[in-house]
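Okay, here's what each chain looks like letter by letter:
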Amino acid sequence: MKAFGVLLRRELALAWGKGGGPLLALTFYACVVVLLPMAAGRAPERLAAIAPGIAWLALALAALLSLERLFERDYEDGALDLLALGPAPLEAVAVAKCLAQWLATGAPLALAAPVAALMLGAELKVVPLLVLCALAGGLAFAFLGGLGAALALGSKRGGLLVAVIVLPLFAPPVIFGAGALDSYTAGLPWTGGLMLMLAYCVGAVALSPLAMGAACRNALD
């Protein structure tokens, strides 16, 4: 447990020190939120109807920004070899990296999501559910993105490969989360979509570290 705490502090320091923290992701998020309504039209009714979906889509795209370097930086400078020889297994290293990614990028984006939705005309009552969905979805994005980064480790054009791997995996939480928000806004049953999204997120958090550890060992061999 002590080793995991040290790993988590290290990854948070790297995420904020060299990765810039949430600033780049938040800037990209703001750009997406501003540009997408220009394509959809400026009618307030139309923007209010698609506001939750836009917030979710922008969240998923912004989560992709810093995934390429999640494992690649340690792989290139040899730190990943040292971590593999350390007391914590590579699965624990993967969990620490993904949690740090979520704390440094995913959580700030989740807090920005309701602001973006309200700017687009969403109703105030949807804010608590949107924050919950964005926090859970952001956690799933971090772990699924870590899986893509581990699978692309050591390959050329890793950023493109990461996007190809993880974008299909990002689709279920976006669909379930946006569906729950739309149903809630319309006064329809919405708990089913929320439960499906939370179940998917739990599965991603539970299973992704196993695959990440195996992918890192394969890249180091």
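Throughout, residues of each chain are indexed from 1 in the direction in which the sequence is written. The predicted origin of the model limits local features to residues at a pLDDT of at least 70 and limits the giving and counting of side-chain atom pairs to 80 or more, whereas totals for whole chains, interfaces and linings rest on all residues. Only hydrogens and water are removed before side-chain values are computed, so all heavy atoms of the structure are retained for them.

1. A word on the environment of L64
- The secondary structure listing takes helices from DSSP runs of H or I that are at least 4 residues long and strands from runs of E that are at least 2 residues long, numbered from the N terminus. Mapped onto the fold, L64 is located in the loop between α3 (44–63) and α4 (69–77).
- Sequence separation between L64 and V166 is 102 residues, and the spatial gap between their C-alpha atoms is 8.6 Å.
- The residues touching L64, leaving out its near neighbours within four places in the chain, are V166, L167 and F170. Contact criterion: two residues are considered in contact whenever any of their non-hydrogen atoms come within 4.5 Å of each other.

2. Comments concerning the pattern of salt bridges
- By salt bridge we mean one thing: a side-chain nitrogen of Lys or Arg within 4 Å of a carboxyl oxygen of Asp or Glu. One pass over the full model with this rule turns up six salt bridges.
- In this structure, the salt-bridge partner of R10 is E11, at a minimum N-O distance of 2.6 Å.
- By relative accessible area, R10 is classed as partly exposed at 27%.
- Each residue's exposure class comes from its accessible area (1.4 Å probe, protein chains only) as a fraction of the maximum for that residue type: buried when under 20%, exposed when over 50%, partly exposed otherwise. On the basis of relative accessibility, which here comes to 4%, the residue E11 falls in the buried class.

3. Section: the packing of aromatic side chains
- Each aromatic pair joins two rings of Phe, Tyr and Trp (for Trp, the six-membered one) with centres within 6.5 Å, and gets the label stacked for planes under 30 degrees apart, edge-to-face for over 60, and tilted for any other angle. Per the stated rule, a full pass over the model turns up two aromatic pairs.
- With centroids separated by 4.4 Å and ring planes inclined at 40°, the aromatic side chains of F141 and F170 adopt a geometry described as tilted. Placement of F141 in helix α7 (residues 127–151) and of F170 in helix α8 (residues 158–186) is noted, with a sequence separation of 29 residues between them. Residue F141 shares its accessibility class with F170, and that shared class is buried.
- Ring geometry for Y184 versus W190: centroids 5.3 Å apart, planes at 85°, classification edge-to-face.
- The exposure class assigned to Y184 is partly exposed, which follows from its relative accessible area of 26%.
- Note on criteria: charge over ring means Lys NZ or Arg CZ within 6 Å of the ring centre, with the direction from the centre no more than 35 degrees off the ring normal. One cation-aromatic arrangement involves K97 over F71; the distance from NZ or CZ to the ring centre is 5.6 Å.
- A cation over a ring is seen here: K125 above Y184, with NZ or CZ 5.9 Å from the ring centre.

4. Comments concerning the UniProt feature "transmembrane region" (unreviewed entry) in the chain
- UniProt positions are given in the numbering used here, feature names are shortened, and annotations may be inferred rather than shown by experiment. This chain's UniProt record puts "transmembrane region" (unreviewed entry) on residues 21–41, 47–67, 99–120, 126–153, 160–181 and 193–216.
- This span, residues 47–67, is 81% helix and 0% strand, and a straight line between its end C-alpha atoms measures 30 Å.
- Between the end C-alpha atoms of residues 160–181 the distance is 30 Å, and the span holds 100% helix and 0% strand.

5. Focus on the packing of helix α6 (residues 90–119) against α7
- At their nearest, the axes of α6 and α7 sit 8 Å apart, and the two run at 150° to each other. Where α6 crosses over α7, the two elements pack in a sense that is right-handed. Contacts between α6 and α7 involve V95, C98, L99, Q101, W102, A107, A110, A113, P114, A117 and L118 from the first element and V127, L130, V131, A134, L135, G138, L139, A142, F143 and G146 from the second.
- Amino acids are sorted into nonpolar (Ala, Val, Leu, Ile, Met, Phe, Trp, Tyr, Cys and Pro), charged (Asp, Glu, Lys and Arg) and polar (every other residue, Gly among them). In terms of residue class, the contact of α6 with α7 is made up of 18 nonpolar, three polar and no charged. Only C-alpha atoms enter the line fits that serve as axes; for helices the fit covers just the stretch in contact. Angles between N-to-C directions range over 0 to 180 degrees. For any pair of crossing helices, the crossing counts as left-handed if the nearer helix is rotated counterclockwise from the farther one by less than a right angle, and right-handed if it is rotated clockwise.

6. A closer look at the side chain of S208
- Position of S208 among the secondary structure elements: in helix α9 (residues 191–220).
- Here S208 falls in the buried class, since its relative accessible area comes to 4%.
- Dropping the residues within four chain positions of it, S208 is found in contact with F143, L144, L147 and G203.

7. Description of a nonpolar patch on the surface
- Note that patches include only residues with greater than 30% relative accessible area and no salt bridge, and the join distances are 9 Å for like charges and 5 Å for nonpolar side chains (Val, Leu, Ile, Met, Phe, Trp, Tyr). Here, Shrake-Rupley sampling with a 1.4 Å probe gives the accessible areas, and only protein chains in the shown set may cover a residue. A surface patch of nonpolar side chains, amounting to about 320 Å² of accessible area, comprises V34, L35 and M38.
- Mapped onto the fold, V34 is located in helix α2 (residues 23–40).
- Taking the relative accessible area as the measure of exposure, V34 reaches 45% and is therefore partly exposed.

8. Focus on α4
- Here α4 has its buried residues at L70, F71, E72 and D74.
- Trailing α4 by a residue or two, G78 shows a phi angle of about 90°, which is positive.

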